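Residue-level structure breakdown
So you can see what is in the structure, the chains are spelled out below.
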Amino acid sequence: MGWEREAAALRISVLSWFVFNAVAASTETQVNGQQRLLSSTDQFNVLFIVVDDLRTSLGCYGDKVVKTPNIDQLASQSVVFQNAYAQQAVCAPSRVSFLTGRRPDTTRLFDFNSYWRVHAGNYTTMPQYFKENGYVTMSVGKVFHPGIAGNHSDDYPYSWSIPPYHPSSEKFENTKTCEGKDGKLHANLVCPVDVEEVPETTLPDIQSTEEAIRLLQAAKKQSKPFFLAVGYHKPHIPFRYPKEYKKLYPLENITLAPDPQIPKGLPPVAYNPWMDIREREDVQALNVSFPYGPIPKHFQLMIRQSYFASVSYMDAQVGQLLSALDKHELANNTVVVFTSDHGWSLGEHGEWAKYSNFDVATHVPLMFYVPGMTTMTISSPAFPFIDPFTYNPGSIPPPGQTRGILVELVALFSTLAELVGFPAPSDCPDPSFSIDLCTEAASLVPHFNVSDDEDDDLIESVAFSMYPRPSDIPQWNSDLPDLKDIKIMGYSIRTIDYRYTIWVSYNPSNFSPTFQDIHAGELYFVEEDPNQDNNLYNQTMQDSVYTKFLGFMRP
């Protein structure tokens, strides 16, 4: 497209200007009580890595199957939040939420079809805040969701110093590039490929890594600090990845989800019928009944195999990126954040998608590497690349510091601001539609150097999530209804002890829920039911939990 060529040319010219003509400055910063004067040459940079559809299937989160040596190595020098949650388990709403520091009720984005600056408020984004405070801000891959939700520009020029980069091979992701048993090419869900034979002989995440490394090399020469956001596509469907990664997971070693049945007492409104994978040719060939399936067991194993392979492929890209951080001598003055926009169900509860309030859809990895704080001694190299095909799992140290407190992705904005010494954006009042700069969650930095035993907020910590539905029963647009079709909203709170969700009437014309009009509810006690398989909403403690829920909700 013409605009893509123009954007690419503009990126090159603007980047050159920033690299060679930036003006140095000094900043006084205070992080966790430690104050120092930083010149712009040692002001913390930020490398913000966000992955698409990544659940906590990582070695550093206790997964014994998935091979993620490079992310685990990052975790060994980071503070790792074990209970981090997305605010809505779908791409565009989640990303707009954590990039603005506002919840979906404030961004008024529950689908892909609006731009918050027009439909909600002219909110300052996290990269915009860094840009306005002297940083060169750059976006590679899927950071904002492409399309209307980012004003067809990934919010450029508000958020970014140069036009965002998208891999040219993205356009082939959903095309017929997957070889089937018939020898023909199909648009499949399960799609291991020979990279040398696909269009452009590359894949989007490979291109994103290459571009991000090029930007790191250029950033090393500049006098301004940088904020580089890198968004990886995998393991988002389709599972299109280099076929060699499939060898890491022999099908005979793959097991089904531990709870593949629909939970006892699950209200129909809470179930998502995974329409997006039903559209893939290989799934269509299975003739799976709507809405509850199930998918044949052999194909369930294939889905899980390819999800794990996609995660390892993504881990290798992260490893190459972090290794480049070492190569360009940036590991000692760059904050690295690693997270995901939401999780993904791999057959748990009979579901194969995000689009719900279950932990498997909202629970995400979140870790922060901060030189001098999360790791006192920075080795050289700090992040040597680890080949997932040859590494010894026992050689990876455990996570550096783990925190059990429940936290939310919406806290990313205030946390990163504090880590680099910026004035913390003020807490948002309610409502805050007319206020450009504020955040709806406090910084997580106070929890960095406090053990769980010492953290007074641990027991009372709460994470909020929400999900819209068009109907009380599953239908074709239950996964992702357009705003005008939303009739019900599922508001969910997760505490240390339980997850509680009520599905209430919702009016999309004025963005208002009616908490007194409850269509259904869910209540799972985590200690007795960690997989959330037995809904006790109608059986116990209903009044007291509901009262507590209303107390947590904003007026």
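Another aspect to go through is the overall build of the chain. Counting secondary structure elements, the chain contains 13 helices and 17 strands. Taken over C-alpha atoms, the radius of gyration comes to 22 Å for the chain, in line with the 24 Å a tight globule of 555 residues would show. Overall size of the chain, expressed as C-alpha extent along the three principal axes, is 60 × 60 × 50 Å. Here the chain, with 555 residues, has 62% of them falling under the buried criterion.

We now examine the sheet that holds strand 3 (residues 45-51). Sheet architecture is open: seven strands sit in the order 5-9-3-11-12-4-13, paired in mixed fashion. At either end of the open sheet lies a strand with only one pairing partner, and these are strand 5 (136-141) and strand 13 (401-408). On average, adjacent strands in this sheet sit at an angle of 15° to one another, irrespective of strand direction. Bridge analysis of strand 4 (residues 79-85) against strand 12 (residues 363-369) gives five bridges, and the strand direction is antiparallel. Residue pairing across strands places Tyr85 opposite His363, the latter belonging to strand 12. Contacts from helix 7 (residues 204-219) reach strand 5 and strand 9 (226-232) within the one sheet, and its direction differs from that of strand 9 by about 170°.

The biggest cluster of nonpolar side chains holds 86 residues, and the ones touching the most others in it are Ile49, Leu228, Phe338 and Trp344. A per-element tally of this core places helix 10 (residues 297-327) first, with 15 residues. Sequence-distant contacts of Ile49, that is, excluding residues within four places in its chain, are made with Val230, Tyr232, Val318, Leu321, Leu322, Val336, Val337, Phe338 and Thr339. Grouped together as the second largest cluster of nonpolar side chains are 51 residues, Phe368, Phe422, Ala441 and Leu444 included.

On to the pattern of salt bridges, then. Scanning the entire structure with this criterion turns up 18 salt bridges. One salt bridge in this structure joins Glu281 and Lys176, with 2.4 Å as the shortest N-O distance. One end of the pair, Glu281, is in helix 9 (residues 281-284); the other, Lys176, is in the loop between strand 5 and strand 6 (178-179), with 105 residues separating them in the sequence. For Glu281, a relative accessible area of 22% gives the class partly exposed. Of the charged contacts in the structure, one is a salt bridge between Asp194 and Lys243, with a shortest N-O distance of 4.0 Å. Of the two residues, Asp194 sits in the loop between strand 8 (190-193) and helix 7 while Lys243 sits in the loop between strand 10 (239-242) and helix 8 (275-278), which places them 49 residues apart along the sequence. For Asp194, a relative accessible area of 26% translates into the label partly exposed. A single network of salt bridges, built from pairs that share partners, joins Asp52, Arg95, Lys142 and Asp341.

Here we take up the packing of aromatic side chains. Centre distance and the angle of the planes are the two values used to describe a pair of aromatic rings. Using the criterion set out here, one finds 30 aromatic pairs in the structure. On the numbers, 6.1 Å between centres and 45° between planes, the contact of Phe358 with Tyr524 is tilted. Here Phe358, found in the loop between strand 11 (334-340) and helix 11 (359-362), pairs with Tyr524, found in strand 17 (residues 512-525); they are 166 residues apart in sequence, far enough to count as distant. Judged by relative accessible area, which is 1%, Phe358 ranks as buried. Tyr524 sits in the buried class, given a relative accessible area of 0%.

Applying the stated criterion across every chain yields a total of two disulfides. What pairs with Cys178 in a disulfide is Cys191, and their sulfur atoms sit 2.1 Å apart. Its S-S torsion of about -100° marks the bond between Cys178 and Cys191 as left-handed, since a negative value means left-handed. On the criterion of sequence distance, the pair formed by Cys178 in strand 6 and Cys191 in strand 8 is long-range, its members being 13 residues apart.

Under the counting rule described, the total for this entry stands at one cavity of 30 Å³ or more. Each pocket or cavity is described by its volume, and for the largest cavity that value is around 40 Å³. Considering the residues around the largest cavity, the lining is formed by Tyr85, Asn357, Asp359, Thr362, Ala463, Ser465, Ser492, Ile493, Arg494 and Arg499. Sorting the residues of the lining of the largest cavity by element identifies helix 11, strand 14 (463-469) and strand 15 (488-494) as the ones contributing at least two each.

Basis of the calculations
Residues numbered from 1 in each chain as written. Predicted model: local features only at pLDDT ≥ 70, side-chain atom pairs only at ≥ 80, totals over all residues. Heavy atoms only, no water. Helix = DSSP H or I, 4+ residues; strand = E, 2+ residues; numbered from the N terminus. Rg over C-alpha atoms; globule rule 2.2 N^0.38 Å. Buried < 20%, exposed > 50% of the residue type's maximum accessible area, 1.4 Å probe, protein only. Pairing = 2+ DSSP bridges. Axes fitted to C-alpha atoms, helices over the stretch in contact; angles between N-to-C directions. Contact = heavy atoms within 4.5 Å. Core = buried A, V, L, I, M, F, W, Y, C linked by side-chain atoms within 4.5 Å. Salt bridge = Lys/Arg side-chain N within 4 Å of Asp/Glu carboxyl O. Phe/Tyr/Trp six-rings, centres within 6.5 Å; stacked < 30°, edge-to-face > 60°. Disulfide = S-S within 2.5 Å. 1 Å grid on protein atoms, 1.4 Å probe; cavity = no way out; pocket = protein on both sides within 12 Å on 5 of 7 lines; lining within 4 Å. Points joined across faces, edges and corners; volume = space filled by probe spheres on them.

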